[in-house]
Amino acid sequence: MLTERAFGEFYQRHARAVWTYVYRSTNNAADADDIVQDAFLRLLQADMVPADEEGLRRYVFRIAGNLMTDRWRKRTREKRHDTASTEQAEASPRDLDVARTFAELKPRERALLWLAYVEGDSHRDIGEALRLGGDSVKVMLSRARGRLRDLLKARGLIEGEQK
Amino acid sequence: MTQYDGEITAAEERVLSGFMRRLQSAALDCSPRMAGADVLLLKAQLVRKWDAQRRVHRPIELMEPVEIAAGFAAAVLLLSWSVPSLFDWVPRLTF
């Protein structure tokens, strides 16, 4: 188990990264707040946690991914849709455009792409984080990349980037 | 045409990586409202305390229906034992 001080330092260093991952995946700030808090609480309650910081970080990302998966499943059953955040703070129009493009993907696709590209996770780690089998990760990630590519093409961003 | 598997070219892959990097560095359109580490530590302590209390109270809660059932059975037994003598006793009452 983590000491209070170790937890405080770990939380300080990684909470925002976990929040950004969850927020970009769910597109809902309130959900991200809840999920991140829950994930770190579960870390505190766990009897056995990885000893190294990288392992701990992956552990929290995994819990957060599992919590998101639970919510998506629940919402699918309840036939509710994502409610995009209406809060607008400091983001520039360009940042907002990037975020809106990404938000057009399905939540699970966003999570897959974030873990693969931003966190650099392996298929196995992604599978554990989102409760998916290794083969499913490969197929779904490939599909998500294809969807993102099509979105970028539709917005003329692919040609723009290739110049 | 959209054929996802294996259809992404190296150039497109570079674009996707670039887009994801941009997304990672993009300013957020809202701010996190997360609790501080001290609040989480306190919550975790409370949850642990509640769990411990629940563990202690569990046998009592489990036995509650048994106690009710035993009480009910005793009442039925007592009633079935006392009703015949009650019937004997009622006609002797004079008003």
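The structure we're discussing is the one just above.
Okay, so let's go over this structure. (Residues numbered from 1 in each chain as written. Chains lettered and ligands numbered in written order. Predicted model: local features only at pLDDT ≥ 70, side-chain atom pairs only at ≥ 80, totals over all residues. Heavy atoms only, no water.)

## What about the overall build of chain B?
Helices and strands together make up the secondary structure of chain B, namely 2 helices and 0 strands. Relative to its length of 95 residues, chain B is extended, with a C-alpha radius of gyration of 36 Å against a globular reference of 12 Å. On the principal axes, the C-alpha backbone points of chain B span a range of 110 × 45 × 30 Å. Across the 95 residues in chain B, those meeting the buried criterion constitute 20%. Per element, the accessible surface of chain B, about 7,400 Å² overall, is 64% carbon and sulfur. (Helix = DSSP H or I, 4+ residues; strand = E, 2+ residues; numbered from the N terminus. Rg over C-alpha atoms; globule rule 2.2 N^0.38 Å. Buried < 20%, exposed > 50% of the residue type's maximum accessible area, 1.4 Å probe, protein only. Areas by Shrake-Rupley, 256 points an atom, 1.4 Å probe, with all protein chains shown as cover.)

## Quick look at the packing of aromatic side chains
Residue and element names in this part refer to chain A. All told, the structure shown has 6 aromatic pairs over all chains when counted by the stated rule. Centroid distance F7 to F40: 6.1 Å. Interplanar angle 75°. Geometry classified as edge-to-face. You can see F7 sitting in helix 1 (residues 4-26) and its partner F40 sitting in helix 2 (residues 29-45), a full 33 residues away along the chain. Just as F7 is buried, F40 falls in that class too. Where Y11 meets F40, the ring centres are 4.8 Å apart and the plane angle is 80°; that geometry is what we call edge-to-face. Placement of Y11 in helix 1 and of F40 in helix 2 is noted, with a sequence separation of 29 residues between them. On the basis of relative accessible area, F40 is assigned to the buried category, the value being 0%. Every member of this aromatic cluster is reached through a ring pair, and the members are F7, F10, Y11 and F40. (Phe/Tyr/Trp six-rings, centres within 6.5 Å; stacked < 30°, edge-to-face > 60°.)

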